[in-house]
Amino acid sequence: MRLPLSYRLSISHSLQNSSCTAPRSLLRISRQHQLRMASSQASVFGLKDSTLIKFQGFINGQWVDAKSGDKIVVTNPATNEELGTVPEMGLSETKEAIDAASKAFVGWSRTTAKYRHDILIKFFNLMQEHHDDLGRLITLENGKPLAEGKGENAYSASFMEWFAEEAVRTYGEQIPSAVTSTRNIVIKQPIGVVSILTPWNFPSAMITRKLGAALAAGCTAVIKPPPETPFSCLALAELGRRAGIPDGVINIVTTQKNVVEVGKEMCENKIVKKVSFTGSTPVAKLLYGMAATTLKKVSLEAGGNAPFIVFDDANIDEAVEAAILCKFRGSGQTCVCANRIYVQSSVYADFASRLAERVATFKVGNGLEADTTHGPLIHTRALEKVERHVNDAISKGAQLLVGGKSIPNTSFFLPTVLSDVPSNALINTEETFGPLAALCKFETEDEVLRLANDTDVGLAGYFFSRDVGRVWRVAEKLEVGMVGANTGILSQAVIPFGGVKESGLGREGGHGIEEYMNTKLIVFGGLGA
């Protein structure tokens, strides 16, 4: 296997410019050793195109290591086996990435919308072409079943397609003036260098949802992927290079122990004009404060605590299937998954028994195994939180219907259903982010709306009812940014994705390109009567 030309040239350049005076034969041996090492590491992933696997950061079109030489070890959460390493970058590399993005912005921002559209379509087609590899890569580093990994790649690619089309729809407007000799014109311009910080639960889609909008608008980007799942991000950079995206337009800084100084620089550096983050509410607040030092534009998609309501007139079979999709997709590690499941008393027992019966059939395991329905949690800290929520609820009177325990010495937690969960249980105030369905009984519409809205966050909410009047009332009264009425799935590239209250600011997806553009007014005077 041969590595990409850019990587081979980078190695050759560093060797040629070294102060070492070793004989050429030793330099050839050193270079061959590095190539063999990279090839050996890439073979662990089992991809058809092993050149998608990168073990370096990406700055100004070059694959680079950390100046310190430090590495981050990335493991498969299903097996705890090492997948490979990426650089432990820091402040110096982050500044270099921002400077590279700033220089690249000069040219990229002046390209036509049609030009950017065509490149993003190439990017989309490459993601389609490498669908199997990219899906497998997601499964290896995140742990989700392969079907979900491939599903995420399709979802991720759809953002590139959507924003390719949005690039040519960044319309301005002409506003009539009360003065006959004046014309008011409004245009949209790219905001500048963008900092993108993403989570591990969707290693690919959380990047393209932001990056696609930024590129379409004419912005350049510095991306900090999560240390748990960096390889999907690095593979996207390689596909972007193949699609023809110029050097410096996309930059990737990998870090773990230096995340505080890296995040601070990405938010406070005056060159950066926009920060986009997906993650927890506490971290969103920290980054928001940092970005406020220079009054940057921000998009924050933070935590949720989604209610899932089943009224007595609902189709119970449909509600159960939707609850399974909504709650247990990604082993419950999604920001919009159902966290509190409220079921009206007259249908409570029927819903609970059907849900528990279905969940009992799930099989946890390695996502690459065909019969696996649910993968591991991302790490032991996540598992410990689920255990804490289960134990807390049971200690306060909840009943265990199925699951309720972890598999020793792993990050697997059996999909769990609890009934009769009391209102003072931790799960009602904290986002579990795991495979735990907590069932609560309610009597009236007013009661359940009060319970559903009794939280500081408001990302998503779901309910099932066949009463048209109730559907409108509840949809309007739920204090969330997105409502699923008789469905448990919301996510699409075309929708405005985001929340209210402490679930964040701004919207991604459907109207997301606006978040990466400035609105400029141009007033033309002296035009005559």
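Everything that follows concerns the structure shown earlier in this document.
Reference entry: report on the structure contained in this document.

Parameters and conventions
Residues numbered from 1 in each chain as written. Predicted model: local features only at pLDDT ≥ 70, side-chain atom pairs only at ≥ 80, totals over all residues. Heavy atoms only, no water. Helix = DSSP H or I, 4+ residues; strand = E, 2+ residues; numbered from the N terminus. Rg over C-alpha atoms; globule rule 2.2 N^0.38 Å. Buried < 20%, exposed > 50% of the residue type's maximum accessible area, 1.4 Å probe, protein only. Contact = heavy atoms within 4.5 Å. Areas by Shrake-Rupley, 256 points an atom, 1.4 Å probe, with all protein chains shown as cover. Lys, Arg positive; Asp, Glu negative; His and termini not counted. Charge placed at Lys NZ, Arg CZ, Asp CG, Glu CD. Expected span 1.5 Å × (residues − 1). Polar contact = N/O pair within 3.5 Å; in protein donor to acceptor, adjacent residues only side chain to side chain. Axes fitted to C-alpha atoms, helices over the stretch in contact; angles between N-to-C directions. Parallel < 35°, antiparallel > 145°, perpendicular 65-115°, else oblique. Left-handed = near helix turned anticlockwise from the far one by under 90°. Nonpolar A, V, L, I, M, F, W, Y, C, P; charged D, E, K, R; others polar. Phe/Tyr/Trp six-rings, centres within 6.5 Å; stacked < 30°, edge-to-face > 60°. Lys NZ or Arg CZ within 6 Å of the ring centre and 35° of its normal. Core = buried A, V, L, I, M, F, W, Y, C linked by side-chain atoms within 4.5 Å. Pairing = 2+ DSSP bridges. Salt bridge = Lys/Arg side-chain N within 4 Å of Asp/Glu carboxyl O.

1. Brief notes about the overall build of the chain
Okay, step 1: When its secondary structure is counted, the chain shows 15 helices and 24 strands.
Okay, step 2: Its C-alpha atoms give the chain a radius of gyration of 25 Å, near enough to 24 Å, the size a compact globule of 529 residues would have.
Okay, step 3: By principal-axis analysis of the C-alpha atoms, the chain measures approximately 80 × 80 × 40 Å.
Okay, step 4: The burial tally for the chain puts 56% of its 529 residues in the buried class.
Okay, step 5: Put simply, of all contacts in the chain between residues at least 6 apart along the chain, 73% involve residues at least 24 apart.
Okay, step 6: Accessible area for the chain stands at about 21600 Å²; split by element, carbon and sulfur atoms hold 54% of it.
Okay, step 7: Across the chain, the 55 positively charged side chains and the 55 negatively charged ones have centroids separated by 8 Å.

2. Remarks on helix H8 (residues 231–243)
Okay, step 1: In this model, H8 (13 residues) spans 18 Å end to end at C-alpha, consistent with the 18 Å of a helix rising 1.5 Å per residue.
Okay, step 2: In terms of burial, H8 is largely enclosed, as 11 of its 13 residues are buried.
Okay, step 3: Buried within H8 are the following residues: Phe231, Ser232, Cys233, Leu234, Ala235, Leu236, Ala237, Glu238, Leu239, Gly240 and Ala243.

3. Brief notes about the environment of Glu238
Okay, step 1: Residue position: Glu238 is located in helix H8.
Okay, step 2: For the pair Glu238 and Thr51, spaced 187 residues apart in sequence, the C-alpha separation works out to 8.5 Å.

4. Examining the side chain of Gln344
Okay, step 1: With respect to the secondary-structure elements, Gln344 resides in strand E13 (residues 338–344).
Okay, step 2: At a separation of 2.8 Å, a polar atom in the side chain of Gln344 contacts the main-chain amide nitrogen of Asp312.
Okay, step 3: The residues touching Gln344, leaving out its near neighbours within four places in the chain, are Val310, Phe311, Asp312, Phe442, Glu443, Thr444 and Arg470.

5. What to know about the packing of helix H11 (residues 316–328) against helix H12 (residues 345–359)
Okay, step 1: With their axes 10 Å apart at the nearest point, H11 and H12 run at an angle of 50° to one another. Judged on the interaxial angle alone, H12 and H11 are oblique. By crossing handedness, the relation of H11 to H12 is classed as right-handed. Contact with H11, carried on its side by Ile316, Asp317, Ala319, Val320, Glu321, Ala323, Ile324 and Phe328, involves Val347, Asp350, Phe351, Arg354, Leu355, Arg358 and Val359 of H12 and no other residues of that element.
Okay, step 2: Residue composition of the contact of H11 with H12, by class: 10 nonpolar, no polar and five charged.

6. Section: the packing of aromatic side chains
Okay, step 1: Inspection of every chain in the model, using the stated rule, returns 12 aromatic pairs.
Okay, step 2: Aromatic rings pair up to connect Phe45, Phe55 and Phe231 into one cluster.
Okay, step 3: When the ring centre of Tyr516 is taken as origin, the NZ or CZ atom of Lys274, which lies over that ring, is 4.7 Å away.
Okay, step 4: Looking at Lys441, its charged tip hangs above the ring of Tyr348, at a distance of 4.9 Å from the centre.

7. Some details on the nonpolar core
Okay, step 1: Ranked by size, the top nonpolar core spans 62 residues in total, and within it Phe45, Phe123, Leu211, Phe231 and Ile250 carry the most contacts.
Okay, step 2: For this core, the element with the highest residue contribution is helix H7 (residues 205–217), accounting for nine residues.
Okay, step 3: When near neighbours in sequence (up to four residues on either side) are disregarded, Ile250 contacts Phe58, Phe123, Leu211, Leu215, Ala221, Ile223 and Ile245.
Okay, step 4: One finds Ala306, Ile324, Leu439 and Phe464 within the second-largest nonpolar core, a separate group that totals 37 residues.

8. Observations regarding the sheet that holds strand E5 (residues 173–175)
Okay, step 1: What the three strands build is an open sheet, ordered E5-E6-E24; its pairing is antiparallel. For this open sheet the edge positions go to E5 and strand E24 (517–524), each flanked by a neighbour on one side alone. Within this sheet the neighbouring strands show an average axis-to-axis angle of 25°, counted without direction.
Okay, step 2: Where E5 lies against strand E6 (residues 183–190), three bridges are found, and the strand directions are antiparallel. Residue Glu173 lies in a different strand from E6, and its bridge partner there is Val186.

9. Some details on the pattern of salt bridges
Okay, step 1: Under the criterion given, the structure shown has 30 salt bridges.
Okay, step 2: As a salt-bridge pair, Arg388 and Glu430 come within 3.4 Å of each other at their nearest N and O atoms. Here Arg388 is found in helix H13 (residues 380–395), whereas its partner Glu430 is found in the loop between strand E15 (416–419) and strand E16 (436–442), with 42 residues between them in sequence.
Okay, step 3: Residue classification places Glu430 among the partly exposed positions, given a relative accessible area of 26%.
Okay, step 4: Residue Arg473 pairs with Glu445 through a salt bridge whose shortest N-O separation is 2.9 Å. Placement of the pair is Arg473 in helix H15 (residues 468–477) and Glu445 in helix H14 (residues 445–452), with a sequence separation of 28 residues.
Okay, step 5: We classify Arg473 as partly exposed; its relative accessible area is 35%.
Okay, step 6: We classify Glu445 as buried; its relative accessible area is 12%.

Read these as layout, nothing more, since geometry by itself doesn't imply function.
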